[in-house]
Amino acid sequence: MSRLIYGFHAVTARIRQNAKSVEEIYLDGARQDPRMKALIALAEDRGVRVIMLDHARLDGMTGHARHQGVVAKTSAEPQRVDLDEVLDSLSEPALLLVLDGIQDPHNLGACLRVADACGVHAVIAPKDRAVGITPTVSKVACGAAETVSYIAVTNLARTLRELKERNIWVIGTDSKAEQDLFSAKLNGPIAWVLGAEEEGLRRLTKETCDELVRIPMAGSVESLNVSVASGICLFETRRQRATQN
């Protein structure tokens, strides 16, 4: 069984990371620009079959998504990542991003992109009430879906408790929290927990966190997109770690 991914970043990243999982790629034969030629050269170098199609065929394959003339048929079997293996392999304090109830593929894709930029060791999300890795997520992530470990868990609260048992400090974001982000100490192993923009964290998830913080808001808006909030929290963590080294 196979699934499609599309877009230059997503397809290029998949070929570079795991060419064996790419069965073949379909390209817009009308495109002869340097970017397309570079992708063809990469595919040929990695032994990936290239098939030229017209733009209308690619539109039909992707449901008229913004594919940029690049579509790949890949193995549908997701990469199985074990959280314990990820944590046991670290040579620095863990930095994790936990997403509670993110169902918009554009939000998840953007979060993966932020996670990659911040050097997050794994993104954790529940199997239920979450979008999972879809072609749209891969497209929005611009390759980050291929580089960041995404771990879907059956019971999020239990997973958070297991992280705490490993001495990973679990911090949730809450607009009503007393402590703000910039007064929090973000020194050791940390798992940031963020919820959907409108709903926030579920009650049990919130109660399981070690600490809740809010992002200071100086303007008139009351909340931020989850990927923007993730980036602020993660980069502040990296900033504090850098100033202490």
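Draft legend 1. Structural detail: the overall build of the chain. Of the regular secondary structure elements, the chain holds 10 helices and 11 strands. Its C-alpha atoms give the chain a radius of gyration of 20 Å, within 12% of the compact-globule value 18 Å for 245 residues. In the chain, buried positions account for 47% of the 245 residues. For the chain, contacts bridging at least 24 residues in sequence account for 80% of all contacts bridging at least 6. Taken as a whole, the chain presents about 12600 Å² of accessible surface, with 47% of it coming from carbon and sulfur.

Draft legend 2. Region of interest: the layout of surface pockets. Estimates place the volume of the second largest pocket at around 510 Å³. If you trace the second largest pocket, you find 22 residues lining it, with Thr173, Asp174, Ser175, Glu197 and Ser223 closest to the centre. Put simply, the parts of the chain that give the lining of the second largest pocket at least two residues each are β10 (190-195), β11 (211-214) and α10 (226-243). Partitioned by chemical class, the residues of the lining of the second largest pocket number 9 nonpolar, 5 polar and 8 charged.

Draft legend 3. Molecular detail of the pattern of salt bridges. On inspection of all chains with the given rule, the structure shows 13 salt bridges. Salt-bridge contacts for Arg46 lead to Asp45; the nearest nitrogen and oxygen are separated by 3.5 Å. Judged by relative accessible area, Arg46 falls into the partly exposed class, the value being 38%. Among the salt bridges present, the one from Arg129 reaches Glu199, with a minimum N-O distance of 3.2 Å. In this pair, Arg129 sits in the loop between β6 (122-126) and α6 (135-141) while Glu199 sits in the loop between β10 and α9 (203-208), placing the two residues 70 residues apart along the sequence. Each of Glu24, Arg49 and Lys73 takes part in a single network of salt bridges with overlapping partners.

Draft legend 4. Up close: unusual backbone geometry. With a phi close to 65°, Gln68 is a non-glycine residue in the positive phi region. Of note, Gln68 is situated in the loop between α3 (55-62) and β4 (70-75). Of note, the phi angle at Arg129 is positive, near 55°, even though the residue is not glycine.

Draft legend 5. Spotlight on the sheet that holds strand β3 (residues 49-53). Across the sheet, which stays open at both edges, the 4 strands sit in the order β1-β4-β2-β3 with mixed pairing between neighbours. The open sheet terminates on both sides in strands that have one partner only, identified here as β1 (2-6) and β3. Direction aside, the axes of adjacent strands within the sheet are offset by 25° on average. Where β1 and β4 come together, 5 bridges link them in antiparallel fashion. Looking at the pairing, Ile5 lines up with Ala72 of β4. Along the sheet, helix α2 (residues 34-45) makes contact with β2 (22-28), β3 and β4, crossing β2 at roughly 160°.

Draft legend 6. Spatial organisation of the nonpolar core. Core analysis: the largest hydrophobic core is formed by 33 residues, its most contacted members being Leu97, Leu99, Leu112, Val120, Val123, Trp192 and Leu234. Of all the elements in the fold, those that place two or more residues in this core are β5 (95-100), α5 (105-118), β6, α6, α7 (144-147), β10 and α10. It is α5 that contributes the most residues to this core, 6 residues altogether. Contacts of Leu97, omitting those with residues within four sequence positions, involve Cys111, Ala115, Val120, Ala122, Val123, Ile124, Trp192, Leu194, Ser230 and Leu234. In terms of nonpolar packing, the next biggest core, distinct from the first, is built from 19 residues, Ala122, Ile151, Val170 and Ala191 among them.

Draft legend 7. Representation of the pairing of β5 within the structure. Within β5, 6 of the 6 residues are buried, which leaves it mostly tucked inside the rest of the structure. Here β5 shows a buried face lined by Leu95, Leu97 and Leu99 and a second buried face lined by Leu96, Val98 and Asp100. When β5 meets β10, the two strands line up parallel, connected through 6 bridges. Within the sheet, the bridge partner assigned to Leu95 lies in β10 and is Ile190. Examined bridge by bridge, β5 and β6 share 3 bridges and lie parallel to one another. Residue Val98 lies in a different strand from β6, and its bridge partner there is Ile124. Crossover connection from β5 via α5 to parallel β6: handedness right-handed.

Draft legend 8. Spatial organisation of α5. Taking 1.5 Å of rise per residue, the 14 residues of α5 would be expected to cover 20 Å, and the 20 Å separating its terminal C-alpha atoms lies within 8% of that figure. Residues of α5 that are buried: Asn107, Leu108, Gly109, Cys111, Leu112, Val114, Ala115 and Cys118. The inward-facing, buried residues of α5 contact β5, β6, α6, α7, β7 (150-153) and α10. At the C-terminal side of α5, Gly119 shows a positive phi close to 70°.

Procedures and definitions
Residues numbered from 1 in each chain as written. Predicted model: local features only at pLDDT ≥ 70, side-chain atom pairs only at ≥ 80, totals over all residues. Heavy atoms only, no water. Helix = DSSP H or I, 4+ residues; strand = E, 2+ residues; numbered from the N terminus. Rg over C-alpha atoms; globule rule 2.2 N^0.38 Å. Buried < 20%, exposed > 50% of the residue type's maximum accessible area, 1.4 Å probe, protein only. Contact = heavy atoms within 4.5 Å. Areas by Shrake-Rupley, 256 points an atom, 1.4 Å probe, with all protein chains shown as cover. 1 Å grid on protein atoms, 1.4 Å probe; cavity = no way out; pocket = protein on both sides within 12 Å on 5 of 7 lines; lining within 4 Å. Points joined across faces, edges and corners; volume = space filled by probe spheres on them. Nonpolar A, V, L, I, M, F, W, Y, C, P; charged D, E, K, R; others polar. Salt bridge = Lys/Arg side-chain N within 4 Å of Asp/Glu carboxyl O. Pairing = 2+ DSSP bridges. Axes fitted to C-alpha atoms, helices over the stretch in contact; angles between N-to-C directions. Core = buried A, V, L, I, M, F, W, Y, C linked by side-chain atoms within 4.5 Å. Right-handed = clockwise from strand over helix to strand, strands pointing away. Expected span 1.5 Å × (residues − 1).

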